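# Commentary on secondary and tertiary structure
Below are the chains, spelled out letter by letter.
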Amino acid sequence: AEAKWTGVDVVPLRTALVGDASSGLWALGAGVVLILLIACVNVANLAAVRGASRGREVAVRLALGASRAQVMRQLLVEMLALAVLGASAGVLGCYAAVGWLRSTAPFDLPRAEELAVDARALGVALLLTVITALIFGVAPAMRAAMPRGARNELLGSRSDQAGSRHQTRGRAILSGVQFALALLLLMGGGLLAQSYRRLQEVRVGFDPRDLMELSVSPPKPKYADAAATFALYDRLVQRLRLVPGVEEAAAVNFLPLGRAGIPTRLEVPGRTPSSDDLATYITATEGYLRTMRIPLLRGRWFSAGEMRSPGDGVVISESVAKRYWAGADPLGKSLTIFRSSQARPNFGQAVPSIVIGVVSDVRQFGLENDLDPAVYVPLSAEPWPWATLVVRESRSHPASAAVLRRTVLEVEPTFTELAAETDDSFDPMIKSLSSELAPRRYVLGLVGSFSVCALLLAAVGIYGVTPQRVGMNLGADDYLVKP
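Residues numbered from 1 in each chain as written. Predicted model: local features only at pLDDT ≥ 70, side-chain atom pairs only at ≥ 80, totals over all residues. Heavy atoms only, no water.

### Section: the overall build of the protein chain
Secondary structure summary: the protein chain contains 14 helices and 11 strands in total. Counting across all 483 residues of the protein chain, residues that qualify as buried make up 41%. The long-range fraction of contacts in the protein chain, counting pairs at least 24 apart against all pairs at least 6 apart in sequence, stands at 78%. Accessible surface computed for the protein chain: about 25400 Å², of which carbon and sulfur atoms make up 63%. (Helix = DSSP H or I, 4+ residues; strand = E, 2+ residues; numbered from the N terminus. Buried < 20%, exposed > 50% of the residue type's maximum accessible area, 1.4 Å probe, protein only. Contact = heavy atoms within 4.5 Å. Areas by Shrake-Rupley, 256 points an atom, 1.4 Å probe, with all protein chains shown as cover.)

Pasting the structure below:
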């Protein structure tokens, strides 16, 4: 009978919904808010320029007999028409952009298939755009529609010129604000790019180049027995080693960077146990260290004889050695671990062991997590009902994934996921590394696009304001023909 679960892990609902993407979502949210602010300031600036430039036109209409209500109604209709046209183009672009984002989202982005245009967010954006356009577009023309404003527009008085200069100075401030917001977004994108570059340089603890991986689950009841399961893993590894273009092959229960692993409790004689005495429980074959090129720091790895007949030796990672035997030689020290394969009847059994080697730490749960403490035992001591086959290929003449797949099927044709000729086959280990970086790369691309869009908006706003500001600096007197 298989062992039963003995514990549960309580996860907050927020974590279950968004996973590890919360920081990226906050970055994207901040970028969206900045883009919205820049767009509103830009619309306000350009609309104010357009409204102010029509002041003389409004004054002439009033002088010819038009009422202020008629003039304001015309201005409102014009601004609403422009707002509707702009909003329609924006909505169409929004739906197209969201569809593209949904199709290009990383496969591990939580709930990526649910990406859609939120009606509430879209409504708020449209409302802000319309209000901004109306307030800053109609207000200057309203000033001109007042009796004093109309007279000043027609006569070009110096008091009106002074007021216009104050308005121009205000529009210049708005231009500076939107440019500052664009630079803020650009700096945020630069910081994300720096973070992404550093993440690419993170030490993973092994060499992922030229590695191929395949997860297998021996079918039951044929391989329900632990001895039969290990015999299958051993045959697969030995057969893969004979494939031309393969330098080494191994099997392991949890591959690094797979974001998976089960901990085991550690007990050291003379040390009071605590809840922090945990390490990832790794079972691997004899060639695992050579295949992964994990540095051996002290002692030795398991021999072929120990793999056939496991003893009490275990290999620990560097962080375990530093935690329990800092400044001392851990080789030969006693360490009690506990069997952690929950699919086997001896789950939780204490295993008194002796440390025979120390290896470098690897990143078991992703690039953003710390190097993980681990304890290694021979795969024959506890064969799991699943395993990952890992193959190191020759760089000059690598074996193809199809050849490796056929080799596995020759050893055991009942692997239905391979026999069905689906996409389930050997994948490059570098692909797992790339998938680790995919969410960051995705967010970086979006924020970079936001930054470019913000700079373009700021440039358009400044270009639209500058000609009128130059004209106002010349002054109305420069255009009068004096007798």
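### Remarks on the confidence of the model for the protein chain
Across the protein chain, pLDDT averages 76, with 75% of residues at or above 70. Counted against residues more than four places away or in other chains, residues 157-163, with its pLDDT under 50, gives 12 contacts. This model gives residues 472-483 a pLDDT under 50, and the stretch forms 12 contacts once residues within four places in sequence are excluded. (pLDDT = per-residue confidence, 0-100.)

### A closer look at unusual backbone geometry
The phi torsion at D210 lies on the positive side, around 65 degrees, for a residue other than glycine. Relative to the helices and strands, D210 resides in the loop between α7 (158-200) and β1 (211-216). Among the residues examined, D210 registers a relative accessible area of 26% and is labelled partly exposed. If you check the backbone angles, R293 has positive phi at about 60 degrees while not being a glycine. Take R293: it is sitting in the loop between α9 (288-292) and β5 (296-299). Judged by its relative accessible area of 39%, R293 is partly exposed.

### Focus on the pattern of salt bridges
Considering all chains together, one arrives at 18 salt bridges under this definition. Note that R293 is salt-bridged to E247, the shortest N-O span being 3.5 Å. Of this pair, R293 sits in the loop between α9 and β5 while E247 is found in strand β2 (residues 246-252), placing the two residues 46 residues apart along the sequence. A relative accessible area of 45% means that E247 is categorised as partly exposed. Here R290 ties to E286 by a salt bridge, and the two come within 3.0 Å at their closest N and O atoms. Overall, R290 belongs to the partly exposed group, its relative accessible area being 42%. (Salt bridge = Lys/Arg side-chain N within 4 Å of Asp/Glu carboxyl O.)

### Some details on the pairing of strand β4 (residues 278-284)
Counting buried positions along β4 yields 6 of 7 residues, so the element is predominantly enclosed. Across 3 bridges, the pairing between strand β3 (residues 263-265) and β4 is antiparallel. Looking at the pairing, T264 lines up with A279 of β4. As judged from the 5 bridges shared by β4 and strand β9 (residues 374-378), these two strands associate in the parallel manner. (Pairing = 2+ DSSP bridges.)

### Notes on the nonpolar core
Judged by nonpolar contacts, the single largest core of 71 residues is most densely connected at Y288 and Y376. Among the elements that make up this core, the one with the highest residue count is helix α8 (residues 226-241) (6 residues). Residues contacting Y376, with those up to four places away along its chain left out, are I282, Y288, I294, W301, F302, V314, V315, V359 and V362. Grouped together as the second largest cluster of nonpolar side chains are 8 residues, L34, L181, A182 and A458 included. (Core = buried A, V, L, I, M, F, W, Y, C linked by side-chain atoms within 4.5 Å.)

### Here we look at the packing of aromatic side chains
One pass over the full model with this rule turns up 8 aromatic pairs. Judged by centre distance (6.1 Å) and plane angle (65 degrees), the rings of F254 and W386 are edge-to-face. Of the two residues, F254 sits in the loop between β2 and β3 while W386 sits in the loop between β9 and β10 (387-393), which places them 132 residues apart along the sequence. F254 sits in the buried class, given a relative accessible area of 9%. Linked through ring pairs, Y288, W301, F302 and Y376 together constitute an aromatic cluster. A cation over an aromatic ring shows up here: R265 above the ring of F338, its NZ or CZ 3.9 Å from the ring centre. (Phe/Tyr/Trp six-rings, centres within 6.5 Å; stacked < 30°, edge-to-face > 60°. Lys NZ or Arg CZ within 6 Å of the ring centre and 35° of its normal.)

### Digging into the packing of α8 against helix α12 (residues 401-411)
α12 packs onto α8 with a crossing angle of 140 degrees between their chain directions and a minimal axis gap of 10 Å. In terms of orientation, α8 lies oblique with respect to α12. In the packing of α8 onto α12, the handedness of the crossing is right-handed. Seen from α8, the contacting residues are L232, R235, L236, R239 and L240; seen from α12, they are L404, T407, V408, E410 and V411. Per-class residue counts for the contact of α8 with α12 are 6 nonpolar, 1 polar and 3 charged. (Axes fitted to C-alpha atoms, helices over the stretch in contact; angles between N-to-C directions. Parallel < 35°, antiparallel > 145°, perpendicular 65-115°, else oblique. Left-handed = near helix turned anticlockwise from the far one by under 90°. Nonpolar A, V, L, I, M, F, W, Y, C, P; charged D, E, K, R; others polar.)

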